[in-house]
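Summary of the model geometry
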Amino acid sequence: MMDYSQFETTAAIPEASAMIQTFRAIGYSVEAAIADIIDNSISAGAKKIWVDYDWKGPLTTISIVDDGKGMNNDELINAMRPGSKNPLDVREEKDLGRFGLGLKTASFSQCKKFSVISKDQTGGVSWWCWDLDYVRQVKSWTLLRYYPDAKFLQQIAKVLTGTAVIWWDIDRLTKDSQEDDADSMDNFMKKMDGVKKHLSMVFHRFISRGVKIYFKGREVEPWDPFMIGIGGLQPKSDVYLDDRQIFLKGYVLPHRSKLSPEQYDYGKGPKDSWTAHQGFYVYRNQRLLVAGDWLGIGSFKKEVHYDLCRILIELPNNADAEWQIDIKKSLARPPARLLEQILSAARNARSQAVEVYRHRGKVIRRQFSRDEDQFLWQEYRRNEKRFYKLNRVHPIIKQLLENSSPYRSEIEKALRFIEETIPIPLITLKENEAEITHGQPFEGTNHELILATMKAMYRNLINQNKTDDQAKGIILSIEPFNFYPQYVEYLNANDDNK
Ligand SMILES: Nc1ncnc2c1ncn2[C@@H]1O[C@H](COP(=O)(O)OP(=O)(O)O)[C@@H](O)[C@H]1O
Ligand SMILES: [Mg+2]
């Protein structure tokens, strides 16, 4: 231990308004910011939470009121302090907080002024306000005893105990807006609609267990990413990691053909897309942190044929540092020592999800394909000997030859030379040695090329008045697309990019 007494010391107090500007740059979305405020309500035992807004252009307010245990004056002042708790402190098991910053960083990320009014079990009401303009003026960390409207005091009067957080001067959302400007209002309402959807997802487990969140007076319904209870859902087996501290479970959701249109839309979730919602769902104390993300592991990407795969991970609240949970509570990264186990469970769930699409593709192929499959190579006899040639009516070869002038004869020549020299003896020999197995077409490559080719072919067939199923059936009977029946999920008559 160093002997500090031998040194001279000086205070180096952070410049308050500069620090607050730093908070503002953390990069919360409005939905993540409001969720962070609600975390505090839930940690304080709230059973009811009211989220309200009052559109008034630049004078718009947003408030989050709860019936939690509330705070007395000293507790409130402490809560308003940036870094009110040490992130290394052991937290109560149900506590959703961590850095002692959320209230301040989430609020300042959206607004320049916010008040907190709180009533504890004695019935005493306290309130304090952070005002960035005032802090800049007095150049110190000084709270004002102020709230913007008496109606918030009335709201607190209605609960036995509880807390109201009121944001105003919400410059990030209402900048340059006019109260009577339809576009700015529309924009704001869309954002609020996004907030509501986000809350329905992030807090779905709390809502299902009786916590009520009212958004502009309307109860928020829970959105369950796993659609637990729905027919055709395939849960994978339970996986416990880290001494049973961490729970992991993959789910393969039912194929669209097994869902009603309403159920299919429900599955699209707040991000309005099945593809956006595939991946891991990381919960910490029942609170969803990350919703539909492959967490940057295993070079997994969001690809349509994994749409049905969603994987639950439940963390305790003492794993934050190791999982790199950020201040905004919207990121998580598994620690290296757990990676192998997580990867193996994920690969398993992912391949089962693909299998659902492969099966669907095969069914379409059986029902709607032409009589014969279109292979790229054909066997034939010449002078009592076996040879192979390229199938000139296979769509890829046919198109090449049709579009090849003025090089047609050159290309014909190259094809002939390829055909005459395929290294069959070598292939046979290698196949028998069987040290390493032969890969299937396009295995281990970027599949953009075959996807793009399938899509172009599909469009052609649709233009030739084939039905959706017929077009898919034909494509799946053409080599090498027959290896990838799951990719028919990318083909959609109404959407070229799907
Ligand atoms: N709605 C609330 N009800 C009761 N206490 C609250 C409320 N919001 C904040 N607090 C208190 O303020 C503290 C600081 O909150 P915050 O800045 O979000 O950090 P953290 O949640 O990481 O502790 C909380 O730990 C809690 O004690
Ligand atoms: Mg908090």
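Residues numbered from 1 in each chain as written. Chains lettered and ligands numbered in written order. Predicted model: local features only at pLDDT ≥ 70, side-chain atom pairs only at ≥ 80, totals over all residues. Heavy atoms only, no water.

**Some words on the overall build of the protein**
To keep things clear, this is the line we draw: A run of H or I in DSSP counts as a helix once it spans at least four residues, and a run of E counts as a strand once it spans at least two, with each numbered from the N terminus. Using C-alpha atoms as the atom set, the radius of gyration is obtained and then compared with a globule rule of 2.2 Å times the number of residues to the power 0.38. Note on exposure labels: buried denotes an accessible area under 20% of the residue type's maximum, exposed denotes more than 50%, and partly exposed covers the range between, all computed with a 1.4 Å probe on protein chains only. In this analysis, two residues are considered to be in contact whenever any of their non-hydrogen atoms come within 4.5 Å of each other. Surface accessibility follows the Shrake-Rupley procedure with a 1.4 Å probe radius. Residue values consider only the protein chains on display as shielding.
Looking only at helices and strands, the protein has 16 helices and 15 strands in total. By the compact-globule yardstick of 23 Å for 498 residues, the protein is too spread out, its C-alpha radius of gyration being 30 Å. With the C-alpha coordinates aligned to their principal axes, the bounding extent of the protein is approximately 105 × 65 × 45 Å. Taken across its 498 residues, the protein has 45% of its residues classed as buried. Long-range contacts, defined as pairs at least 24 residues apart, comprise 65% of the intrachain contacts of the protein with a sequence gap of at least 6. Carbon together with sulfur atoms contributes 50% to the accessible area of the protein, which is approximately 26800 Å² in total.

**A closer look at the side chain of Thr163**
Going by this rule: Polar contacts, as used here, are pairs of N or O atoms within 3.5 Å; protein pairs need one atom able to donate a hydrogen and one able to accept it. Residues neighboring in sequence count only if both atoms are side-chain atoms.
With respect to the secondary-structure elements, Thr163 resides in strand β5 (residues 162-168). Judged by its relative accessible area of 9%, Thr163 is buried. Within polar-contact distance, the side chain of Thr163 engages the side chain of Ser118 at 2.8 Å. Residues in contact with Thr163, not counting those within four places in the same chain, are Ile64, Val65, Asp66, Gly70, Met71, Val116, Ile117, Ser118 and Ile156.

**Examining the site of ligand 1**
For the record, the criterion: Whether a residue is near a molecule or strand depends on its heavy atoms: it is near if one of them lies within 4 Å of it. Polarity classes work like this: nonpolar for Ala, Val, Leu, Ile, Met, Phe, Trp, Tyr, Cys and Pro, charged for Asp, Glu, Lys and Arg, and polar for all others, with Gly in that last group.
Near ligand 1 lie 18 residues; those nearest to it are Asn40, Asp66, Arg98, Gly100 and Lys104. Residue Asn40 places a side-chain N or O atom 2.8 Å away from an oxygen atom belonging to ligand 1. Between an oxygen atom of ligand 1 and a main-chain N or O atom of Leu103, the distance comes to 3.0 Å. Its free accessible area being 530 Å², ligand 1 has 88% of it covered by the protein chains. Mapped by element, the contributors of at least two residues to the shell around ligand 1 are α2 (30-43) and α4 (102-110). The element that contributes the greatest number of residues to the shell around ligand 1 is α4, accounting for three residues. Class assignment for the residues of the shell around ligand 1 results in six nonpolar, seven polar and five charged.

**What about a negative patch on the surface?**
Basically, it comes down to this: Here, patches come from residues exposed beyond 30% relative accessible area and free of salt bridges, joined within 9 Å for like charges and within 5 Å for nonpolar side chains (Val, Leu, Ile, Met, Phe, Trp, Tyr). By convention in these notes, a salt bridge is any Lys or Arg side-chain nitrogen within 4 Å of a carboxyl oxygen on Asp or Glu. Charge assignment in this entry is limited to Lys and Arg as positive and Asp and Glu as negative, and neither His nor the chain termini are counted. For this purpose, a charge sits on NZ of Lys, CZ of Arg, CG of Asp or CD of Glu.
Taken together, the side chains of Glu179, Asp180, Asp181 and Asp183 define an acidic patch exposed on the protein surface. In this fold, Asp180 is placed in the loop between α7 (171-174) and α8 (182-202).

**Considering the domain arrangement of the protein**
Under the convention used in this document: In this document the domain limits rely on a domain assignment from an automatic tool or a database. Defined in terms of a 1.4 Å probe, buried area is the accessible area two parts forfeit on being brought together, summed over both.
When the domains of the protein are assigned, the result is domain 1 (16-219), domain 2 (234-359) and domain 3 (377-490). Taken together, the contact between domain 1 and domain 2 spans 25 residues of the former and 19 residues of the latter. For the pair domain 1 and domain 2, the two sides together bury roughly 1900 Å², of which 53% comes from carbon and sulfur. Contact with domain 2 buries surface across domain 1, with Arg98, Met201 and Arg205 losing the most and accounting together for 30% of the total. Taken together, domain 1 and domain 2 are joined by four salt bridges.

**Examining the nonpolar core**
Note on soluble globular proteins: their nonpolar side chains tend to be buried together. For clarity, the cut-off: Buried Ala, Val, Leu, Ile, Met, Phe, Trp, Tyr and Cys residues form a nonpolar core when they are joined through side-chain atoms within 4.5 Å.
Ile34, Ile38, Ile62, Trp167, Leu199, Phe203 and Ile213 are the most contacted members of the largest nonpolar core, which has 52 residues in total. Filtering out sequence-adjacent residues up to four positions away, Leu199 remains in contact with Ile34, Ala35, Ile38, Val51, His204, Ile207, Ile213, Phe215 and Val220. With 49 residues, the next largest nonpolar core counts Phe247, Tyr283, Ala291 and Leu312 among its residues.

**Concerning the environment of Trp323**
In this structure, Trp323 sits in the loop between β13 (309-315) and α11 (336-368). The exposure class assigned to Trp323 is buried, which follows from its relative accessible area of 0%. When near neighbours in sequence (up to four residues on either side) are disregarded, Trp323 contacts Ile246, Ile313, Leu315, Ala332, Arg333, Pro334, Pro335, Leu338 and Ile342.

**Focus: α2**
We apply this condition: By this rule, a helix spans an expected 1.5 Å times one less than how many residues it contains.
A rise of 1.5 Å per residue sets the reference length of α2, with its 14 residues, at 20 Å; its end C-alpha atoms lie 20 Å apart and thus fit the reference within 8%. Most of α2 sits out of view: eleven of its 14 residues are buried. For α2, every residue scored as buried is listed here: Val30, Ala32, Ala33, Ile34, Ala35, Asp36, Ile37, Ile38, Asp39, Ser41 and Ile42. The positive-phi residue at the C-terminal boundary of α2 is Gly45, with phi of around 85°.

**A short note on the pairing of strand β14 (residues 377-382)**
The following threshold applies: A pair of strands is labelled paired if DSSP reports no fewer than 2 bridges between them.
In the sheet, β14 pairs with strand β15 (residues 385-390) via six bridges, with the strands oriented antiparallel. Bridged to Arg381 within β15 is Arg386. Remark: two residues form the turn of the hairpin made by β14 and β15, two consecutive strands paired antiparallel; Asn383 in that turn has positive phi of roughly 50°.

**Overview of the packing of α2 against α4**
The cut-off we apply is this: Only the contacting stretch of a helix is used when fitting its axis, a line to C-alpha atoms as for every element, and angles between N-to-C directions run 0 to 180 degrees. Put simply, angles under 35 degrees are roughly parallel, angles over 145 are roughly antiparallel, angles from 65 to 115 are roughly perpendicular, and the rest are oblique. Left-handed describes a crossing whose near helix is turned anticlockwise from the far helix through less than a right angle; right-handed describes the clockwise counterpart.
α4 packs onto α2 with a crossing angle of 150° between their chain directions and a minimal axis gap of 9 Å. Taken as axis vectors, α2 and α4 run roughly antiparallel relative to one another. For the element pair α2 and α4, the recorded crossing hand is left-handed. Here Val30, Ala33, Asp36, Ile37 and Asn40 of α2 lie close against α4, whose contacting residues are Gly102, Leu103, Ala106, Ser107, Ser109 and Gln110.

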